[in-house]
Amino acid sequence: MSDLEVCMEETILGLPTQIQEKIVKELDLKSICIVSKVHPIWHDLTNPLGQIWKGFVENMGVPKEKIDPFRESASKSKEKDGSLFSYKDLYLVLLLCRPATMMWITWMNDSYWTMQKSDESMYGEIAHLNSVCWLEITASFRISVPGTYDVIWRLKNQGDINEPQLIVKSKTMGDKSFVLTREIQSYMSGNGWVYMKVARVEIGAKDSKSSLEPQRAKILTADKKPTGKEYDILRGVEDINEEIQVKMFSGTGDWKSGLDIDFIEIVRVD
């Protein structure tokens, strides 16, 4: 046994498991992936199916009772050889995806909006708009890996939502917005679930500039999920933690109805 291994055995690895878990939970995502390779004990501690990763999923705002249904639905949508996602797999997916149950939706109270179970959803449930005057749907993301990303909604429109604004904003890159025109709404009405690209985000490396470019809402034909490149957390940069907020908003006096929301996703394309 090397001097380093002896030192680890006598210090950190000699601590009770509960204490080691608390230490690991204080680490950032990249560091956890690194320490999992340092020693067999830490590898077991950071097991993808373990409580640490499950706790991270809970901390993202996923209710405990929805975690395993999310794993099952996400596994099916990713066509993962019939095997079930680990908690780590699910956490990495949710870093760049916000299912309807994780969005902030104004007037979600079973009268104006309802959550409905759906076999058509990638996560087992959708948000359905019954009727509302003030339309506001918000999702937030944090990105630490430099690269180029597309902002994509999966939704279905069977009613009238009166040309709402689609807004993408960032503290460092400002706000960008445009109107979801009736032309696009009309296309959506006859085509069921669609994927709609609304912006492209460039996350610069350390000391380089990031940018946010709105794009005219573009329907990515057919209901086929866009594929992106892997979000490699080990490429994350310590000083980069870009917060991106995506919103659909309309505060006009007209009532809106018939909108279904499945999820919003940030897809890496470079």
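The structure we're discussing is the one just above.
A few points on the structure. Keep in mind the model is a prediction, meaning the values are calculated, not measured. (Residues numbered from 1 in each chain as written. Predicted model: local features only at pLDDT ≥ 70, side-chain atom pairs only at ≥ 80, totals over all residues. Heavy atoms only, no water.)

### Some thoughts on the sheet that holds strand 2 (residues 104–105)
Line of reasoning, step 1. Judged by pairing direction, the sheet is antiparallel, and its five strands sit side by side in the order 2-5-11-7-8 without closing on themselves. What marks the edges here is a single partner per strand, and that holds for strand 2 and strand 8 (174–179).
Line of reasoning, step 2. The pairing of strand 2 with strand 5 (residues 135–143) spans two bridges and is classified as antiparallel. Bridge pairing links Trp104 to Thr138 in strand 5. (Pairing = 2+ DSSP bridges. Helix = DSSP H or I, 4+ residues; strand = E, 2+ residues; numbered from the N terminus.)

### Overview of the pairing of strand 4 (residues 125–129)
Line of reasoning, step 1. Extensive coverage of strand 4 is indicated by the burial of five of its five residues.
Line of reasoning, step 2. The side-chain alternation of strand 4 yields two buried faces, one formed by Glu125, Ala127 and Leu129 and the other by Ile126 and His128.
Line of reasoning, step 3. Alignment of strand 3 (residues 113–117) against strand 4, held across five bridges, turns out to be antiparallel. Its bridge partner being in strand 4, Gln116 is matched across the sheet by Ile126.
Line of reasoning, step 4. Both strand 4 and strand 12 (residues 257–268) contribute to a ladder of two bridges, which runs antiparallel. The partner of His128 across the bridge, within strand 12, is Asp260. (Buried < 20%, exposed > 50% of the residue type's maximum accessible area, 1.4 Å probe, protein only.)

### Some points on the pairing of strand 11 (residues 242–250)
Line of reasoning, step 1. Here strand 5 pairs with strand 11 via nine bridges, running antiparallel. What sits directly across from Leu135, in strand 11, is Ser250.
Line of reasoning, step 2. Across six bridges, strand 7 (residues 165–170) lies against strand 11 in antiparallel orientation. When the sheet's bridge partners are listed, Gln165 is paired in strand 11 with Phe249.

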